[in-house]
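# Results of the structural survey
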Amino acid sequence: MRRRLLGAVAAAALALPAAAQAQPIPVGHLMDNSGATSDVGVPYGQGVSDALQWVNRTRNGINGRPLNVLGFDYGYQAPRAVSQYQAWSRDRVVAIQGWGTADTEALIRFVTRDRIPYISGSYSAALTAPKGRTDRAGVEAAPYNFFYGPSYSDALRAMLIWAKQDWESRGQQGRPRYVHMGANHPYPNSPRAAGEAMAQELGFEVLPAIQFALTPGDYTAQCLTLRNQGAHYAYLGNTAGSNISVLRACQTAGVQVQFLGNVWGMDENAMKAAGTAANGVVFPVRTAAVWGQEAPGMQTLQQISRISDPQGQVYRPVHYLAGVCSAMLMVEAMETAAANGGQVTGERIRDGFYARQDWVPRGFEGVCAPSNFSPDDHRGQLRVALYRARVTGDTTQGSVGELIRAGTMRLEPVTTIELERRAEWLGW
């Protein structure tokens, strides 16, 4: 009996490390599935969710520990996001997949204090300065904030560089006129000053900004203002839902302007909804490929897609792909933290973001564009791929996938702009 008891105790002792190792890792996932940006929040959030479920199913979580993903739809209301963060703090989450600019910026001090990496769907340049900027107001230290893709400011700088090249290549005379459009809200306002400064540096005439709400509406007046101002290039700072209203109104009014969409301002779903009004919009794409293109990592992406689409029938827009890449950066940073028996803590996950150069998550080659983060600079991508929306016919009949396959819609590569890592642009 004594030998049996001792054997049982020894077996229990040996099992303790394995049991501890198998404890789930709590991770927060903040989503907008019902608010003002849900038109793009839904596919992005689905990409994040599918990727994290796929990691649990196919990779056995992080070093044998499953991810316990705590999802919350906050309806794009920043106070609700802050309240939910407090709940997640009690759950001891070690990292968070976040969303909007207002809420992400409101949480900078919280995640810094609590040492919780926050990988956002906001690409505000204010999140890229881990040590802050004492010489620029409003740029506080954000050592635990990361995102996948170029910042709103850097993407706009790249589009303006292309716009100047476009103007000159078409033999246009005089100074091109540029205008910023969007809601009076932290998200569309985030790159405004940086874009207007870049436009002036490039020789544009900068026109007074034009406001329109984050929600769909009648924006005929804004289009008439565009025409009266004589704008040549207009930046759409809102998400696709309200941008569609502007594009349709301007098409009806016969306004001729080159629209530049922000990264959330255009996608395949918006092309279908706007129809030929979306034709010609130039916008940044964060990934190295779009759905269905030939790429080594496309098969892995399609496997992830089957988590929520078992039949493999759904066409995935650019935001879904970006959500997958964002989630996989976090996963690999967590794997680095767990390597060699290490603890999966916020500090170690943060350091995992610095462990690789030209970082593409394994299995996603040719899909996720390379990222580079350092303790002094969280501008993960300065190489900005620009695409043009092409819509050549009726989009009311057929799904997005069917319209793409028929050639009625397509995403046309325009150019790739490699920005300098200029110190004065950090955090701005």
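Please read these numbers as outputs of a predicted model, since none were measured by experiment.

### Some words on the environment of E424
Assignment of secondary structure puts E424 in the segment after β13 (409-418). You can call E424 partly exposed: its relative accessible area is 38%. Placed 230 residues apart in sequence, E424 and A194 show a C-alpha to C-alpha distance of 11 Å. Ignoring any residue separated from it by four or fewer positions in sequence, one finds E424 in contact with R133 and R136. Reaching out from E424, the side chain makes a polar contact with the side chain of R422 at a distance of 2.9 Å.

### Concerning empty space enclosed by the protein
Evaluated as defined, the whole model comprises two cavities of 30 Å³ or more. Roughly 70 Å³ of volume is contained in the largest cavity. Taken together, T37, Y76, W99, G100, T101, G121, S122, Y152, Y187, T239 and W264 make up the full set of residues lining the largest cavity. Each residue belonging to the lining of the largest cavity can be placed in one class, and the counts come to five nonpolar, six polar and no charged. Of the voids in this model, the second largest cavity is the one considered here, and its volume is about 30 Å³. Lining of the second largest cavity is provided by P150, S151, Y152, A155, L156, M159, Y235, N262, V263 and P284. When residues of the lining of the second largest cavity are assigned to their parent elements, the largest contribution, four residues, is made by helix α6 (residues 152-169).

### Notes on the sheet that holds strand β4 (residues 118-119)
Here we have five strands laid out as an open sheet, ordered β2-β1-β3-β4-β5, and parallel in their pairing. Strands with a single pairing partner mark the edges of an open sheet, and in this sheet they are β2 (67-73) and β5 (145-146). The pairing of strand β3 (residues 95-97) with β4 spans two bridges and is parallel. The residue bridging I96 from the neighbouring strand is Y118, located in β4. Helix α3 (residues 78-90) rests against β1 (25-31), β2 and β3 of the sheet, and its axis sits at about 155° to β2. Against the sheet, helix α13 (residues 318-338) engages β1, β2, β3 and β4, with an angle of about 170° to β3.

### What about the state of the cysteines?
In this structure the tally under the stated criterion is two disulfides. Through a disulfide, C223 is tied to C250; the S-S separation comes to 2.1 Å. Its S-S torsion of about -95° marks the bond between C223 and C250 as left-handed, since a negative value means left-handed. Here C250 lies in helix α10 (residues 240-253) and C223 lies in helix α9 (residues 220-229), a separation of 27 residues in the sequence. For C325, the disulfide goes to C368, at an S-S distance of 2.1 Å. Across the S-S bond of C325 and C368 the torsion is about -95°, and the bridge reads as left-handed. Within this pair, whereas C325 is found in helix α13, its partner C368 is found in the loop between α14 (346-352) and β12 (383-391), the two being separated by 43 residues in sequence. Shown here for the chain is a disulfide pattern of 1-2, 3-4, where each number marks a bonded cysteine counted in sequence order.

Cut-off values and rules
- Residues numbered from 1 in each chain as written.
- Predicted model: local features only at pLDDT ≥ 70, side-chain atom pairs only at ≥ 80, totals over all residues.
- Heavy atoms only, no water.
- Helix = DSSP H or I, 4+ residues; strand = E, 2+ residues; numbered from the N terminus.
- Buried < 20%, exposed > 50% of the residue type's maximum accessible area, 1.4 Å probe, protein only.
- Contact = heavy atoms within 4.5 Å.
- Polar contact = N/O pair within 3.5 Å; in protein donor to acceptor, adjacent residues only side chain to side chain.
- 1 Å grid on protein atoms, 1.4 Å probe; cavity = no way out; pocket = protein on both sides within 12 Å on 5 of 7 lines; lining within 4 Å.
- Points joined across faces, edges and corners; volume = space filled by probe spheres on them.
- Nonpolar A, V, L, I, M, F, W, Y, C, P; charged D, E, K, R; others polar.
- Pairing = 2+ DSSP bridges.
- Axes fitted to C-alpha atoms, helices over the stretch in contact; angles between N-to-C directions.
- Disulfide = S-S within 2.5 Å.

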